[in-house]
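Residues per chain are reported as follows:
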Amino acid sequence: MTVDTQEQGDERVHWLPMIAAISSISVVGIAIGLGMPLLSVILESRGHSASMIGLNTAVAGLASIAGAPLATPLAMRLGVAWTMLLMIAIGALAFVGFHFAPDFWMWFPLRVALHISLTVLFILSEFWISTSAPPSRRGLVLGIYATVLSLGFAAGPWLFAHLGSTGFLPFGVAIALVTLAAIPVLAARNESPTIVADSETSHFLRYIWLVPTATFAVLVFGAVETGGFSLFPVYGSRIGYSEADAALLLTMIGLGNVLLQIPIGMISDRVSDRRHLLLACATVGLVGTIFMPYFAQNWHLMAALLFVWGGVVAAMYTIGLAHLGSQLSGHELASANAAFVLCYGVGMVLGPQAIGIGMDAFGPSGFGWSLALFFAAYMVLILVRLVRRII
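Residues numbered from 1 in each chain as written. Predicted model: local features only at pLDDT ≥ 70, side-chain atom pairs only at ≥ 80, totals over all residues. Heavy atoms only, no water.

- In the annotation of an unreviewed UniProt entry, the protein is listed under the name MFS transporter and assigned to Mesorhizobium montanum.
- Looking at the Subcellular location (unreviewed entry) heading of the UniProt record, one finds this comment for the protein: "Cell membrane". (UniProt positions renumbered as here; feature names shortened; annotations may be inferred.)

Laid out in structure tokens, this is it:
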């Protein structure tokens, strides 16, 4: 798969298409940031266990795995911008469907529709961003991209804390925001990149194993983000936090993402081997989860911990993407991006299930210990590849 650009070697940032792509990413951030805790709280209020909530959330990861191979054929047939607009519409309809679905089983197909659409948006937005950013300013563009995505994550729990989980209002606000985000995509539709097929299109899965320090970084991030966001309100309620206080702690994670992404991204531009920075991020993630139970009784200490922890852990996605770009180029990078997002989906499957089972087996402390397992396993992977001097 290759992406045709109109101006080869052009060092200008094409702001209109980049704004369009980033606006669609903000939809992903808000949908996850608002939707994950909202839906989990609604399910718990109906008497479902943490394991069942985790199971329903894990379906999102399966949907992401299924959606990753669909992005390219749809974009080739409909065009990048029109495919993105279609996915925004499908995602909006699926999200509002949760409000009107009375039975638990109905939430499974709705999760599938929602997260297939979000996955395709992820892939095509990153294609579009890469064609709008010249190589010399890629750090700036990725910093903006990660910051806007993090703003969406932060805005979601903040909205949830103020809107609550009852009635149609939180669903209606999400639909309004999604509709607004579609406007710049429509405005920039004539500047969207053209994706054409070549012999590499059907072999994107091999890129999972070609640069595993990048692809497994996003797998861990997907597990921690999805499992953590969906089950943190449940964890918070079990250790004595109110619904609003737990949601505000999620907002602190989002604020850490917003404020730390650009500085960490700038550091990554000055590091010769980004795997060392990925190892540092995973170490911070591990230490943070170990200390989480000890900080839980003091809201302010917990908020400070989650601010730093959330920002550093989120950088695993950005740095992993940058590491991928430093190792591959052209159609290989485009194919690897689909594999990258697919690994995020695998993490979405593993995270909620592991954390839900951990909490059911070990109580509230199982939340932190389950997260710690993901970071520890990833640290082993990086250390082995650094010692063997392979990418």
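1. Quick notes on the overall build of the protein
- The helix and strand inventory of the protein stands at 14 helices and two strands.
- Considering only contacts in the protein between residues 6 or more positions apart, those separated by 24 or more positions represent 85%.
- As presented, the protein carries roughly 15000 Å² of accessible surface, and 69% of it is formed by carbon and sulfur atoms. (Helix = DSSP H or I, 4+ residues; strand = E, 2+ residues; numbered from the N terminus. Contact = heavy atoms within 4.5 Å. Areas by Shrake-Rupley, 256 points an atom, 1.4 Å probe, with all protein chains shown as cover.)

2. Brief notes about the nonpolar core
- Counting residues in hydrophobic clusters, the biggest one holds 129 residues, and the most contacted among them are Phe122, Trp128, Phe232, Tyr235, Trp309, Met316 and Phe367.
- At 16 residues, the largest contribution of residues to this core is made by helix 1 (residues 15-45).
- Apart from residues no more than four positions distant in its own chain, Phe122 is found in contact with Ile25, Val28, Tyr145, Leu149, Tyr317, Val341 and Tyr344. (Core = buried A, V, L, I, M, F, W, Y, C linked by side-chain atoms within 4.5 Å. Buried < 20%, exposed > 50% of the residue type's maximum accessible area, 1.4 Å probe, protein only.)

3. Brief notes about the layout of surface pockets
- In this structure, the second largest pocket spans a volume of roughly 180 Å³.
- Lining the second largest pocket are 19 residues, with Val27, Ala31, Ala174, Leu177 and Val178 sitting closest to its centre.
- Take the lining of the second largest pocket: its biggest share by element is six residues, from helix 7 (residues 169-187).
- Per-class residue counts for the lining of the second largest pocket are 16 nonpolar, three polar and no charged. (1 Å grid on protein atoms, 1.4 Å probe; cavity = no way out; pocket = protein on both sides within 12 Å on 5 of 7 lines; lining within 4 Å. Points joined across faces, edges and corners; volume = space filled by probe spheres on them. Nonpolar A, V, L, I, M, F, W, Y, C, P; charged D, E, K, R; others polar.)

4. Quick notes on the packing of aromatic side chains
- In total, this model carries 17 aromatic pairs according to the counting rule given.
- Taken together, Phe122, Phe221, Tyr317, Phe340 and Tyr344 form an aromatic cluster joined through their ring pairs.
- Over the ring of Tyr207 we find Arg206, and its NZ or CZ is 4.6 Å from the ring centre. (Phe/Tyr/Trp six-rings, centres within 6.5 Å; stacked < 30°, edge-to-face > 60°. Lys NZ or Arg CZ within 6 Å of the ring centre and 35° of its normal.)

5. A short note on a nonpolar patch on the surface
- A contiguous nonpolar patch, built from Leu78, Trp82, Leu86, Ile90 and Leu186 and spanning about 420 Å² of accessible area, is present on the exposed surface.
- Relative to the elements of secondary structure, Leu78 occurs in helix 3 (residues 71-78). (Patch = residues over 30% accessible without salt bridge, like charges linked within 9 Å, V, L, I, M, F, W, Y side chains within 5 Å. Salt bridge = Lys/Arg side-chain N within 4 Å of Asp/Glu carboxyl O.)

6. Topic: empty space enclosed by the protein
- With the rule as written, the count across this model stands at four cavities of 30 Å³ or more.
- For the largest cavity, the calculated volume is near 140 Å³.
- Val224, Glu225, Phe229, Ile253 and Trp309 are the residues nearest the centre of the largest cavity, which is lined by 16 residues in total.
- Tallying contributions element by element places helix 9 (residues 212-238) first for the lining of the largest cavity, with six residues.
- Looking at the lining of the largest cavity residue by residue, the classes come out as 12 nonpolar, three polar and one charged.

7. A short note on helix 9
- Between its first and last C-alpha, helix 9 extends 36 Å over 27 residues, near the 39 Å set by a 1.5 Å rise per residue.
- The largest bend in helix 9 comes to about 45°, at Leu231, with the proline Pro233 one to four residues further on.
- Burial of helix 9 is extensive: 24 of the 27 residues sit out of reach of the surface.
- At the C-terminal side of helix 9, Gly240 shows a positive phi close to 105°. (Expected span 1.5 Å × (residues − 1). Bend = angle between axes of the 7 residues up to and from the residue.)

8. Quick look at the packing of helix 11 (residues 274-295) against helix 14 (residues 365-388)
- One can describe the packing of helix 11 onto helix 14 by two numbers: an axis separation of 8 Å at closest approach and a directional angle of 155°. The orientation of helix 11 relative to helix 14 falls into the category roughly antiparallel. Considering the relative orientation of helix 11 and helix 14, their crossing is left-handed.
- Residue classes in the contact of helix 11 with helix 14 are distributed as 17 nonpolar, five polar and two charged. (Axes fitted to C-alpha atoms, helices over the stretch in contact; angles between N-to-C directions. Parallel < 35°, antiparallel > 145°, perpendicular 65-115°, else oblique. Left-handed = near helix turned anticlockwise from the far one by under 90°.)

9. Topic: the environment of Ser23
- Following the sequence through the fold, Ser23 ends up in helix 1.
- Judged by its relative accessible area of 12%, Ser23 is buried.
- Separated by 158 residues in sequence, Ser23 and Ala181 place their C-alpha atoms 5.4 Å apart.
- Excluding residues that lie within four positions of it along the chain, Ser23 makes contacts with Ala181, Pro184 and Val185.

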